[in-house]
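Residues per chain, in single letters:
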Amino acid sequence: MYQIRIILLLLTLNIFNVNCYSLTPTPSKKEITKLAKQASKYLRAANFEKSLITSRLVLHHAINAKDNNLVANSYNTIAANYEKLSEYDKAIFFYKKGLSYANKTDNDTIKGWINNNLGNIYCFEKKQYKKGINYYKNSLDYSKKLADTSQIVLTKLNITWAYFDIGLFDKGFPYLKFINKYHEEYGDERTIVALNMLNGMYYGFKGEYKIATSSFLNGIKLGNEGNDKSDLSYTHQEYSKYLLKNGDYKKAYENLALYNKITEELFNKEILKKANIVGINLELDEYKREIEKIEIEKDLQYQSLRKSRIIVLLFVIILGVLLLLLYTLYKNNNFKKKNNKELSLANDKLVIAKEKAEEASVLKSQFVSTITHELRTPLYGVVGITNMLLDEHKELANSPHLSSLKFSARYLLSLVNDVLQINKIEENRIVLENLTFNISDEINMIKNSLSFIAKNNNNFIIVNIDPAIPEYLIGDKLRLSQIIINLVSNALKFTKNGEVFIDVNLEKIIDKSHFIEFKIKDNGVGIAFEDQDKIFEKFVQVGRKEVDYQGTGLGLSIVKRLLGLFGSDIALESAIGVGTEFTFTIAFEFDPEKTNEIINDIPVDLSSNKQLKVLVVEDNKINQIVTEKILKKNNYKCTLVDDGYQAIKLLEDEIFDVILMDINMPLINGFETSRRIRFKGIKTPIVALTAFDKEEIIEEAISAGIDDIIVKPFDSVKLFKIINVLLSKNKNHDLTPVF
């Protein structure tokens, strides 16, 4: 109730103030201009309350005087106040209002100012650097047109700062070079502090620490001598980062403390509170102006309604024409009946076509089975050799390139298993895993893995992760990675010279479930409204009319189905030429005790006191190397043969503890080899090591005497578990297959 009274009071005061303004005669242009300058002075002194009050008065008089220059200037000052108060959305609103009035004038100066100010917000507050730099470049165009070197220096300083803020020092350096050259002649005390700071940042990046330190200290000295403390605070902040990077933690902390102190002084809570009240009055003024516009539009609609009578008359005439058409359609109905026989014949042809389509579907399934095997076989080599490199070269353990290779191989394997068996996904036969993982690590690994795609279209991947998200969560990180990779790679494919944002935020917490919201946003070509319902269907691709975008058309279909497994759905917002945003939320478990159990859940020691002898029957040389390395690493003695005949001959003379049998081999396949081994009375456990899907071969494997199946690429721990179980059963003379 108290809040309602305050709002009513503000409304009353606003109405009273507006009425007072309307009773006061409009001052001269010179007087209004003087008031506008006073509002700017209050702004520079950080007296936001007085600046907003004065700007509101200037705006009222400028609108009454119909002076677009003064209106634009007023909105610019109002927006600058909101920018200082960190109300960036409101600041953008008023800057754009000011720009709309400025564009109605020939005043290129105010156009340049407002474009420069919009560049500041989009670059440093919204982190939309591409958009912000475009505004800066607009400002430069106006300044060059006016030959205003002072404004050019200021705008180029801002562009330099923006590029340095995102680490693009080489792009920002030409602008910095220009400022250093002309600042003494055309710059002023407002920019000298920032210039020294930027020199410190650049030479710190280049490793020229003497120049960098001197620049930072000079900027701080000049900032302390001047009146504008905003750039001084930023200089302390950047100098703190520089000192921290160079290991001077004490000074880094001291400068960070100075940054916080100056910031608190600039944004005194009482000043902000008063300024906020004045800001409400300003916003109420805007609402009143909007209401007046609505009233005018209402009158126009009324006039339009009167004209609609003619439209009604025309509608009656059209209705009569439609009745005539209906009569014509009735007569044509008899003609259509004659065509039914032809339609019946066409239907028969469709039945035949359906049968052919079903036959093609069977052939497609056979092809999918074959291609699955052919893809898994080389993938086994990629995954295995990657692990060998990590084992043999410990110095590569932290290599981002090798990590990306391993991650990409894992992802490709998941893609082979799921994309080529999309029916398996639809039948909900995939079970999500519960593994502990760090969201930040997974997202950054995805960013690194997709960096080459981003470079192809000159895109940036920008990651924002909510620090409130716990370090470790529990869930299926591989499926999550597959979802994000599909969405990000899709965004990169349809975006050129743009940005792709990965925003991860903690939405809510219910018991141990942390609901994490993921947003994948781009500023690419966008998706037409009529296509937005189609893109989640299998094999559907849109936007191929002018550019041949590569892909299978399965990515978004897989994303939707995988999210279904998580009990989630995906939301889409898109517009042509603006970009696309996908949003989804997944609940992950946060349980530190369970996380520790998962991390420490190392399988029981699978090694044996004696060195086990393993016979590997494999025709692929790379796979031989990988399998042999895995076995020898775990103290197994490994013997390799290239085909089934060699294996049968060797088993007649030598005893092995276990046989690892490939299925698809020349001369004689793994099933026939296993049958002949069992026919000779050899009871050595046989494990099929194959790239075929387990469900496809399980019946034939049982009939051939194979004890278990493991699909390549495989987890070595899983293989050794199976071997231990089979050896234990063999000792007890129980040869029942494990499967």
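It should be emphasised that the depicted structure is a prediction, and the values quoted were computed from it without experimental measurement.

A word on the side chain of His183
Tracing the backbone shows His183 in helix H9 (residues 169-186). Take His183: its relative accessible area is 6%, and that puts it in the buried class. Excluding its chain neighbours within four sequence positions, the residues that come into contact with His183 are Val153, Asp188, Thr191, Ile192 and Leu195.

Topic: the pattern of salt bridges
Once their charged atoms are close, side chains differing in charge can pair, the charge on each being opposite to the other. Taken as a whole and judged by the stated rule, the model has 20 salt bridges. For Asp569, the salt bridge identified is with Lys560, shortest N-O distance 3.3 Å. Look at Lys560 and you get partly exposed, because its relative accessible area is 33%. With a shortest N-O distance of 3.0 Å, Lys680 and Glu652 are connected by a salt bridge. Of this pair, Lys680 sits in the loop between helix H25 (670-679) and strand S11 (686-690) while Glu652 sits in helix H24 (residues 644-653), and the two are 28 residues apart along the sequence. Its relative accessible area of 44% is what places Lys680 among the partly exposed residues. Ionic contacts of the salt-bridge type, sharing partners, join the residues Glu672, Arg675, Arg676 and Glu700 into one network.

Concerning helix H6 (residues 108-125)
The first and last C-alpha atoms of H6 sit 25 Å apart over 18 residues, in line with the 26 Å expected at 1.5 Å per residue. Burial analysis of H6 places 15 of its 18 residues in the buried class, the great majority of the element. Two or three places before Thr109, at the opening of H6, Asn107 has a side-chain oxygen 3.1 Å from that residue's backbone nitrogen. Phi for Lys127, located one or two positions after H6, is positive at around 60°.

Thoughts on the environment of Ile599
Within the secondary structure layout, Ile599 lies in helix H22 (residues 592-599). Note: C-alpha distance between Ile599 and Leu435 (164 residues apart in sequence) is 8.7 Å.

Let's talk about the side chain of Thr160
As for its position among the elements, Thr160 is in helix H8 (residues 149-165). For Thr160, a relative accessible area of 0% translates into the label buried. Discounting residues that sit within four places of it in the chain, Thr160 has contacts with Gly172, Tyr175, Leu176, Ile179 and Leu198.

Some details on the packing of aromatic side chains
Tallied over the full model, the rule gives 22 aromatic pairs. Aromatic pair Tyr122 and Tyr135: ring centres 5.6 Å apart, planes at 5°, arrangement stacked. Here Tyr135 lies in helix H7 (residues 129-146) and Tyr122 lies in helix H6, a separation of 13 residues in the sequence. With respect to class, Tyr122 is no different from Tyr135; both count as buried.

Here we look at the packing of helix H11 (residues 209-225) against helix H12 (residues 230-245)
Helix packing for two helices is described by the angle between their axes and how far apart those axes are. Contact geometry of H11 with H12 gives a least axis separation of 9 Å together with a crossing angle of 155°. Of the possible angle classes, the one that applies to H11 and H12 is roughly antiparallel. By crossing handedness, the relation of H11 to H12 is classed as left-handed. Facing Tyr209, Ala212, Thr213, Phe216, Leu217, Gly219, Ile220, Gly223 and Asn224 of H11, the residues of H12 in contact are Leu232, Thr235, His236, Glu238, Tyr239 and Tyr242. When its residues are assigned to classes, the contact of H11 with H12 shows eight nonpolar, six polar and one charged.

A word on the sheet that holds strand S10 (residues 658-661)
Backbone hydrogen bonds are what pair the strands of a sheet, in a parallel or an antiparallel way. Here five strands make up an open sheet; going across it, the order is S9-S8-S10-S11-S12 and the pairing parallel. Strands at the two margins of the open sheet, each flanked by one partner only, are strand S9 (637-641) and strand S12 (708-711). Averaged over all neighbouring strand pairs, the angle between strand axes comes to 20°, with direction disregarded. Both strand S8 (residues 613-617) and S10 contribute to a ladder of four bridges, which runs parallel. Bridge pairing in S10 places Val617 opposite Met661. Contacting S8, S9, S10 and S11, helix H23 (residues 621-633) runs over the sheet at an angle of about 165° to S9. The strands touched by helix H26 (residues 694-704) are S11 and S12; relative to S12, the strand with the most contacts, the crossing angle is about 155°.

Rules of the game
As a convention, each chain's residues are numbered from 1 in the sequence order in which they are written. Where local features are concerned, this predicted model is filtered to residues with pLDDT of at least 70; where side-chain atom pairs are given and counted, the filter is 80 or more; whole-chain, interface and lining totals use all residues. Hydrogen atoms and water are omitted, and side-chain values are computed over all heavy atoms in the structure. Strands are runs of DSSP state E lasting at least 2 residues, helices are runs of H or I lasting at least 4, and numbering of each runs from the N terminus. Any residue under 20% of the maximum accessible area for its type is buried, any over 50% is exposed, and the rest in between are partly exposed; the area is computed with a 1.4 Å probe on protein chains only. By definition in these notes, contact holds between two residues if any of their heavy atoms fall within 4.5 Å. The working definition used for a salt bridge is a side-chain nitrogen of Lys or Arg within 4 Å of a carboxyl oxygen of Asp or Glu. One less than the number of residues in a helix, times 1.5 Å, gives the span that helix is expected to have. Any pair of nitrogen or oxygen atoms within 3.5 Å is treated as a polar contact; in protein, a donor-acceptor pairing is required on top of that, and neighbouring residues in sequence qualify only through side-chain atoms on both sides. By convention, a stacked pair of Phe, Tyr or Trp rings (six-membered ring in the case of Trp) has centres within 6.5 Å and planes under 30 degrees apart, an edge-to-face pair has planes over 60 apart, and any other such pair is tilted. Axis definition: a line fitted to C-alpha atoms, over the contacting stretch in the case of helices. Angles run 0 to 180 degrees between N-to-C directions. Angles below 35 degrees are treated as roughly parallel, those above 145 as roughly antiparallel, those between 65 and 115 as roughly perpendicular, and all remaining angles as oblique. Handedness of a helix crossing follows the sense of rotation of the near helix relative to the far helix, less than a right angle counterclockwise being left-handed and clockwise being right-handed. Under this grouping Gly is polar, as are all residues other than the nonpolar Ala, Val, Leu, Ile, Met, Phe, Trp, Tyr, Cys and Pro and the charged Asp, Glu, Lys and Arg. Two strands are said to pair when DSSP picks up at least two bridges between them.

Any link to function would need more than the numbers given here.
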